[in-house]
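Geometric and topological summary
So the chains spell out like this:
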Amino acid sequence: MKWILALLAGLVFAAGQAVAMNFGPEIVISVKDQQLAILEGGKATGTFFISTSRFGVGDELNSYKTPLGVLWVYDKIGDNLPEGAVIKNRSATGEVIPANAKGRDPIVTRIIWLKGLFGGDHAYERCIYIHGTPVESSLGHPTSWGCIRMRSDDVVKVYGKVQIGTHVVISDKPLKDLIKEEGANTIDFPTT
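This report concerns the structure included in the present document. Because the structure is a prediction, the values reported are computed rather than measured.

Right, let's talk about the overall build of the chain for a bit. Scanning the chain from terminus to terminus reveals three helices and 10 strands. Put simply, the chain runs from its N terminus to its C terminus through helices and strands in the order α-β-β-β-β-β-β-β-β-β-α-β-α. The buried share of the chain, taken over its 192 residues, is 48%. Relative to all contacts within the chain whose residues are 6 or more apart in sequence, the contacts with residues 24 or more apart total 66%. Of the accessible surface of the chain, which amounts to about 8900 Å², a share of 54% is contributed by carbon and sulfur atoms.

Next up on the list: the nonpolar core. Ranked by size, the top nonpolar core spans 32 residues in total, and within it I29, L36, L114, I130 and V158 carry the most contacts. Contributions of two or more residues to this core are made by β1 (26-30), β2 (35-40), β4 (69-77), β7 (107-119), β9 (148-150), α2 (152-161), β10 (167-171) and α3 (175-186). Counting six residues, the second-largest nonpolar core is a separate cluster that includes I87, W113, Y129 and C147.

As a further point, take the packing of aromatic side chains. Each aromatic ring pair is specified by the distance between its two centres and by the angle formed by the two planes. A complete count under the given rule lists eight aromatic pairs for this structure. Judged by centre distance (6.0 Å) and plane angle (45°), the rings of F55 and Y64 are tilted. Since its relative accessible area comes to 38%, F55 is described here as partly exposed. Y64 gets classed as partly exposed once you look at its relative accessible area, which sits at 44%. Arranged with centres 5.5 Å apart and planes meeting at 80°, the rings of Y74 and W113 form a pair that is edge-to-face. Pair noted here: Y74 is in strand β4 and W113 is in strand β7, with a separation of 39 residues, a long-range link. In this structure W113 comes out as buried when scored by relative accessible area, which is 7%. By the ring-pair criterion, three or more aromatic residues cluster together here, those being W72, Y74, W113, Y124 and Y129. We note K76 situated over the ring of Y159; from NZ or CZ to the ring centre the distance is 4.4 Å.

Backbone geometry places N89, a non-glycine residue, at a positive phi of 50°. For T109, which is not glycine, the phi torsion reads 75° and is therefore positive. Judged by relative accessible area, which is 0%, T109 ranks as buried.

A separate point is the side chain of T166. Within the secondary structure, T166 sits in the loop between α2 and β10. Look at T166 and you get buried, because its relative accessible area is 0%. Within polar-contact distance, the side chain of T166 engages the backbone nitrogen of Q163 at 2.9 Å.

Once that is clear, we can look at the pairing of strand β5 (residues 85-88). Two elements, β5 and strand β6 (residues 91-96), share three bridges in a ladder whose sense is antiparallel. The partner of K88 across the bridge, within β6, is S91. Where β5 hands over to β6, the hairpin turn is made up of two residues, of which N89 adopts a positive phi near 50°. Sheet topology note: the β5/β7 ladder contains two bridges and is antiparallel. Counterpart to V86 in the pairing with β7 is V108.

For the rest of this paragraph, the subject is a nonpolar patch on the surface. On the surface, a nonpolar cluster with roughly 330 Å² of combined accessible area is contributed by F55, Y64 and W145. Mapped onto the elements, F55 comes out in the loop between β3 (43-49) and β4.

Further remarks concern the pattern of salt bridges. Summed over all chains, the structure comprises 11 salt bridges. Ionic pairing is found between K173 and E181, a salt bridge with its closest N-O pair at 2.8 Å. Here K173 falls in the partly exposed class, since its relative accessible area comes to 35%. Sharing partners across several salt bridges, the network here consists of E136, R151, D153, D154 and K157.

About the thresholds
- Residues numbered from 1 in each chain as written.
- Predicted model: local features only at pLDDT ≥ 70, side-chain atom pairs only at ≥ 80, totals over all residues.
- Heavy atoms only, no water.
- Helix = DSSP H or I, 4+ residues; strand = E, 2+ residues; numbered from the N terminus.
- Buried < 20%, exposed > 50% of the residue type's maximum accessible area, 1.4 Å probe, protein only.
- Contact = heavy atoms within 4.5 Å.
- Areas by Shrake-Rupley, 256 points an atom, 1.4 Å probe, with all protein chains shown as cover.
- Core = buried A, V, L, I, M, F, W, Y, C linked by side-chain atoms within 4.5 Å.
- Phe/Tyr/Trp six-rings, centres within 6.5 Å; stacked < 30°, edge-to-face > 60°.
- Lys NZ or Arg CZ within 6 Å of the ring centre and 35° of its normal.
- Polar contact = N/O pair within 3.5 Å; in protein donor to acceptor, adjacent residues only side chain to side chain.
- Pairing = 2+ DSSP bridges.
- Patch = residues over 30% accessible without salt bridge, like charges linked within 9 Å, V, L, I, M, F, W, Y side chains within 5 Å.
- Salt bridge = Lys/Arg side-chain N within 4 Å of Asp/Glu carboxyl O.

See the structure below:
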């Protein structure tokens, strides 16, 4: 899979800003382990518990499933919002809620909007995000409606590392296998 990504080096994607030679770190997500890792220079520099879809994996429209494949960061929303800031229709509402607020399950803190590159063809149209959740007690278990949920402080860390065009691999393989496979192939990618 990585040889295809290397082939794309130097190409400009539809978003205009995404240049393959300047992707920065890569994100790998294990649906099996409900974990996300940041890979920099071929090594995992951070791992985080997440929550993927309660409906399983897939990319069918209206399925509420988490797509598998190689995707890329299409947009980033929420610069400088406080942790727990509620985001609706990709705009901050002004409300800030604490972690594990009873009866609340909005998107909070940051949005990293994904678009398919190889697989996840409908991710953009389905608004598949990596985003903060106030339901932090559910992380480590598949409970989302298709997106990848994270603790607010964790999504802030990931958001600060990625840029438009960053690759995101979502797989049903164990995280250690993804890190080994993807990490070995990202050592030679420029990170400037």
